[in-house]
There are 2 protein chains.
Amino acid sequence: MTTKILLFFSFLLTGPALFAADPLPADGDDGYRLWLKYEPVINASVKAEYLRFTAFVGNASKGEIVKSAAVELKTGLKNLLGKSVSVTNSFGNKTGGIVLRLDASNDQQDEGYHIALAGGNIVVSSKSESGILYGTFALLRHMQMQLPIENLKVASSPKVRYRMLNHWDNVDGTVERGYAGSSLWKWYELPEVIDPRYQDYARANASLGINGTVLNNVNASARFMSQEYIVKVAAIADVMRKYGIKTYLSVYFAAPKTLGGLSTSDPLDPQVRAWWKEKVAQIYKEIPDFGGFLVKANSEGEPGPQDYGRTHAEGANMLAEAFKPYEGIVIWRAFVYKADPRADRFKAAYEEFVPLDGKFDPKVIVQVKNGPIDFQPREPFSPLFGNMPKTPLGVEFQITQEYLGFAAHAVYEAPIFKECLNSDTYVNGQGSSVARVVDGSLHGYSRTLMAGVANTGSDRNWTGHPLAQANWYAFGRLSWDHELSSEQIAREWTALTLTRNQKAAESIVLLMLRSREIYVDYNTPLGLSRPWMGVHFAPEPWQNKGSRPDWTAVYYHRADSSGLGFDRTASGSNALAQYQPQVQKQWNNPDKTPLPYLLWFHHVRWDEKLSTGRTLWEELCTRFYTGADSVSWMRQQWDMAKGSLDEQIYASVAQRLEVQHREAIWWRDAWVLYLQTFARQTVPAGFEPPRQTLEEVKKSVNVYLIR
Amino acid sequence: MTTKILLFFSFLLTGPALFAADPLPADGDDGYRLWLKYEPVINASVKAEYLRFTAFVGNASKGEIVKSAAVELKTGLKNLLGKSVSVTNSFGNKTGGIVLRLDASNDQQDEGYHIALAGGNIVVSSKSESGILYGTFALLRHMQMQLPIENLKVASSPKVRYRMLNHWDNVDGTVERGYAGSSLWKWYELPEVIDPRYQDYARANASLGINGTVLNNVNASARFMSQEYIVKVAAIADVMRKYGIKTYLSVYFAAPKTLGGLSTSDPLDPQVRAWWKEKVAQIYKEIPDFGGFLVKANSEGEPGPQDYGRTHAEGANMLAEAFKPYEGIVIWRAFVYKADPRADRFKAAYEEFVPLDGKFDPKVIVQVKNGPIDFQPREPFSPLFGNMPKTPLGVEFQITQEYLGFAAHAVYEAPIFKECLNSDTYVNGQGSSVARVVDGSLHGYSRTLMAGVANTGSDRNWTGHPLAQANWYAFGRLSWDHELSSEQIAREWTALTLTRNQKAAESIVLLMLRSREIYVDYNTPLGLSRPWMGVHFAPEPWQNKGSRPDWTAVYYHRADSSGLGFDRTASGSNALAQYQPQVQKQWNNPDKTPLPYLLWFHHVRWDEKLSTGRTLWEELCTRFYTGADSVSWMRQQWDMAKGSLDEQIYASVAQRLEVQHREAIWWRDAWVLYLQTFARQTVPAGFEPPRQTLEEVKKSVNVYLIR
């Protein structure tokens, strides 16, 4: 352990900002340290205040998680205050230190913590080791932000029990929908080679309160169920454990056949049930605190119980049974839809799962994407939320920017997450927010879950786009406390990661807070969506061929000579009927439907006058153009921060904003030129018509589709 | 430019070793700086000597490559000596500096250089800017090794004209046969986002004398011929240019059809010829110093001229014609073989290409893999070398460890490269080495080429395995001067990269020098080969099914109840006839054939007594076992260096050697158990029989082949 800790220290220490002597002090931050930079406290009075508590770090526990907390404190204080503080187990009545105290009588939940001044010490206390670690990171965050410590009194508990990242990392080292290099997990080198990044990954997650990680893609390889891979996974789990993080695996439902050599994978087959029981036992032999399974079944070609005429519940319960002797759980994804041209994909998950409410084993959590389709720039909340009172529903957000411009576009996602969490399902009357479904307060779920599809990769700065680190940060913070505001999180992250200059921070935070609406405007305004096949960063609204109808663009936007949009009212697919009446009321009437959701639910005539006084066509053009133009505003905002943040990070983001600007115009032109063929109207006065033709745009997109 | 240089400086400066104040000075070297660490000179007298030449860096030229040299010197001197030296264009008769001098009368070749003491300065002079850059790096290498500079006098010229890396990087960011993360090239973010790594990549190559890079996989995407991608490539070329590196592209021969929309890609079709002409012109508009094309045609399913009944020469010459107005060249790979069960793949390239000798345009270089098959741990030299006197033949080495254990096994490759280069073809009598074919001295080629398939990726340390950096280094150094010895290169690299401790260096160099033979012993002893399909890091000697016969293992080792090996004498495929009589003489007679090549040319009876006094079966077992055991010796050698090198690098290599040890035993057992089914003999006394059964080994391998 010590070696590893030393190794990890050295990582922090390579950070240039730690060296006052460095001739280029602020230069060349490679972004590796994320929000744990621990740069020297410059406010003299605050520093003096902090120094009063550096006599010792008192840790009476022998637990390895508390040890991680103590080590983190040592590192943090050394770098924040330039003082080496020793960790002691026997501090008696000493004062002037920081005490980590396991405290069964703590009034917070298991993972919750208190931070307070007591007996001349700063005391971080919790019922659990993890709570102490979270409290320690909270204290260090407090110090990084140079906040006063007098009257310090914090009490905090997580609102959700399972706070986890889902990695869509493949066994071959690629990452599905990953835009930051290759997978963090080096399967060919494990179990012997322990990349120091594993520990820094664990630190970063623990600092946010994330307590679980699913290492592999939901389109899962059966290899992970082999002893060869279980010991590799165990080696990673050994690192995660020290930071209170449980390790989970996605499973391939047909593994009993492909790996086990059985003739079937039927969940009701005794041999299959026995195989999974044995398999789970085998895993627990190597990973005593194994977290559980995540399953994508009968979805997009993945095998599942329906291959044998069984239900999702029967499949999930079979696995849950295998976990009976253990702590582990089964997380079953509700992301299912059939290739039916007449059906509305929007309704599929509800139709499949609501009838199963109450049929799932208590060890099963059903994981529901925030929206009914697929992580679009804007989606209404999934109608499943609130409609399965007897089944714990977890929410799945996508942190990686599959539909948000990959690593080239700056889109701060907290507002996306919050938009879903704050949506009112009205299932138990007003105030039945998705957040209250997810945190269990509405239906009294004992197992609650918030999952985020990770945006991490092997790139040195973890996320490719420097600002994408904020999305990892925001997801983690919200999984602990979904009541935090997008702005508060943005301010925190900016202060910890980018700059302490107030003016610079203001302009960056403003950029972040507006970035999502700007993206929606040039990408999918007024409730357009784009879950089409092909490369997900290029515009293809014309795409009308696919191996299945719901894998084309035209299936979703339904553009025709009369208008645009998907009628989901009673006159159409009637997907709206899946929501409570109060929700239907918001979205039923095209004249009253908020514009951001308009085309999600209505087919609107091109010349329909909207609440803005513009026709649909005019409003679309206005959004596309102002959206693209707003990227220049983002660039100005970013440039205002120049000189107040690291040069390398400044340049990287400035260059990416340049890409974003070019591609925003690309999107704008693609949509405008394509929709124009239906609307047969000119671009409204005041906007310069696209310089390129539709054919030219198509050609530029097709380049990305050829071998 | 300046900004970028500053950015890059900061990279170097993040190196911990530069900070004497650093409490953990030696810790946490992440390997990013490669052999350009510029750690402080500790030998006081040497330092004093160097300091005598730090009054200024004199650079009278305005060229950007010389500017790069000056900047590198500034960085190097700052870090080596802690002295900031200013660069001046007007140094008149000043002394005590380092002068970079363009000198038309220089007696070295264009890219060659002189380093000498003159007029109280160190003078680096060359006919060309590149020469000055190479001389500068040579001087810095000299200083990094703390060698005296009194009577410093160096004159050096490259023996080969085109010294280049071939990247097998795909357009989707993956790297074919890459084991160090994803591609360095971020196509979705280019051309706007210029990753600082591009410049550090250029520096590393220039420091070795590499002057060309092929950015994309030979299994090429046609996208690179689109304007969208040409501007992306141009952005990288702009960085390479500053370091004297030309940028090349691999091309998809069918691009005129798939991208250009023509009805054919027939090289004799006027439209096709016009399309390529235009395409090349379009490239030169964006990249005035574009290097040229690399082509894999009619090979492993890639399209080519033979699809239209044309020859490789007709295909290559068509492209060469498009380059007529420019400096660029066409590099045409000779890696071709047909799926003919009765044929010997060994003979394919010779049969296809020798008849074409003299038919290629002067702008074409034919690129030949070192051996006739495919980068095996040991191969005889390709019979093409020497047999195409009228056609410049370049050699292609594989730096990436496709057949050498990926990023988990330590195999120092200089001996592999040297073994091929030193092989005597005897085409013009004794002394007609492959090296003299490749450097043009034998047949007077005006265009000479040495190419290496890159082992670089996005991993922080560039190559995954820290010791694999030495293979990049060795290739580069040999491409400049193939007369350097493996040992000299290993000593250089170790001193520059790992440690200055003499004893530690000795044990590491010994480990490196023996590593290849050890690998061959446990992997493919006595001339076995393993170019089978499936995962190239796992043993599959039993693999007998493939989409084509020459994609199975049994096709190559020909194991049967009588014996083992591929008879390539007159009684067999007679591939030996492709070599000169003197070469045939070495390998014709099984009793006289050197054991390392035995099974390449002979089918040997299991109980045949070999020169060692052991039977074939006994000798095989002896090699497999001693090879695997020798990995523990490697681990001891490495441990002897502990404490004398960076802890993080120590740990990474120590852990990888652990993987290598486990996998060496895996290979040993797989071969021994499988061959035993034919030899029907027990493992010789003194060796412990494998603990696992053949079926168990097969199962452990199959895990890596299932989804």
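Fair warning: this is a prediction, and the values are worked out from it, not measured in the lab. (Residues numbered from 1 in each chain as written. Chains lettered and ligands numbered in written order. Predicted model: local features only at pLDDT ≥ 70, side-chain atom pairs only at ≥ 80, totals over all residues. Heavy atoms only, no water.)

Residues and elements named next belong to chain A. With respect to topology, eight strands assemble into a closed barrel ordered 7-8-9-10-11-12-13-14, the strand pairing being parallel. Pairs of neighbouring strands in the sheet enclose a mean axial angle of 25 degrees, with direction left out of account. In this structure, strand 12 (residues 364–369) lies alongside strand 13 (residues 393–398), joined through four bridges in parallel fashion. Residue pairing in the sheet places Val 366 in a bridge with Leu 393 of strand 13. (Pairing = 2+ DSSP bridges. Helix = DSSP H or I, 4+ residues; strand = E, 2+ residues; numbered from the N terminus. Axes fitted to C-alpha atoms, helices over the stretch in contact; angles between N-to-C directions.)

Here we take up the UniProt feature "domain: Alpha glucuronidase N-terminal" (unreviewed entry) in chain A. Annotation from UniProt places "domain: Alpha glucuronidase N-terminal" (unreviewed entry) at residues 34–139 of chain A. Along residues 34–139 of chain A the backbone is 35% helical and 21% strand, and the end-to-end C-alpha distance reaches 17 Å. (UniProt positions renumbered as here; feature names shortened; annotations may be inferred.)

Turning our eyes to something else, we now look at the domain arrangement of chain A. All names here are of chain A. Taken as a whole, chain A is organised into domain 1 (35–156), domain 2 (162–497) and domain 3 (520–566 + 603–706). Placing the centre of domain 1 and that of domain 2 at their C-alpha centroids yields a distance of 32 Å. Each side of the interface is counted separately: domain 1 has 19 residues, and domain 2 has 23 residues. When the two sides are added together, the surface that domain 1 and domain 2 hide from each other amounts to roughly 1900 Å², 59% of it contributed by carbon and sulfur. The largest per-residue losses of area from domain 1 upon contact with domain 2 belong to Trp 35, Tyr 134 and Arg 141, which jointly make up 41% of the total buried on that side. One can count two salt bridges joining domain 1 with domain 2. In this structure, Arg 203 engages Glu 72 in a salt bridge whose closest nitrogen and oxygen atoms are separated by 2.8 Å. Taken together, domain 1 and domain 2 are joined by eight residue pairs in polar contact (both at pLDDT 80 or more). (Domains from an automatic or database assignment. Contact = heavy atoms within 4.5 Å. Buried area = accessible area lost by both parts, 1.4 Å probe. Salt bridge = Lys/Arg side-chain N within 4 Å of Asp/Glu carboxyl O. Polar contact = N/O pair within 3.5 Å; in protein donor to acceptor, adjacent residues only side chain to side chain.)

Moving on, we come to the pattern of salt bridges. Going through the model one piece at a time under the given rule, you end up with 88 salt bridges over all chains. Where Arg 656 of chain A meets Glu 189 of chain B, a salt bridge forms, and the shortest distance between an N and an O atom there is 3.0 Å. Placement of Arg 656 of chain A in helix 20 (residues 647–679) and of Glu 189 of chain B in the loop between strand 7 (162–166) and helix 5 (196–206) is noted, with the two residues assigned to different chains. Each member of the pair Arg 656 of chain A and Glu 189 of chain B is classed as buried. For the salt bridge of Arg 614 of chain B with Glu 619 of chain B, the shortest nitrogen-to-oxygen distance reads 2.7 Å. Arg 614 of chain B sits in the partly exposed class, given a relative accessible area of 33%. On the accessibility criterion, Glu 619 of chain B (2% relative accessible area) is buried. Salt bridges linked by common partners bring Asp 29, Arg 33, Lys 37 and Glu 39 of chain A together as one network. (Buried < 20%, exposed > 50% of the residue type's maximum accessible area, 1.4 Å probe, protein only.)

For the rest of this paragraph, the subject is the packing of helix 5 of chain B against helix 6 (residues 227–241) of chain B. Residue and element names in this part refer to chain B. For the pair helix 5 and helix 6, interaxial distance at closest approach is 9 Å and the crossing angle is 45 degrees. Accordingly, the angle class assigned to the pair helix 5 and helix 6 is oblique. When you trace helix 5 past helix 6, the crossing you get is right-handed. Mapping the contact onto sequence places Tyr 198, Gln 199, Tyr 201 and Ala 202 in helix 5 and Ile 236, Val 239 and Met 240 in helix 6. Split by residue class, the contact of helix 5 with helix 6 holds six nonpolar, one polar and no charged. (Parallel < 35°, antiparallel > 145°, perpendicular 65-115°, else oblique. Left-handed = near helix turned anticlockwise from the far one by under 90°. Nonpolar A, V, L, I, M, F, W, Y, C, P; charged D, E, K, R; others polar.)

With that settled, consider the UniProt feature "domain: Glycosyl hydrolase family 67 catalytic" (unreviewed entry) in chain A. Summarizing the sequence annotation, UniProt attributes the feature "domain: Glycosyl hydrolase family 67 catalytic" (unreviewed entry) to residues 143–462 of chain A in the numbering used throughout. Spanning residues 143–462 of chain A, this segment combines 26% helix with 14% strand, and its end C-alpha atoms are found 24 Å apart.

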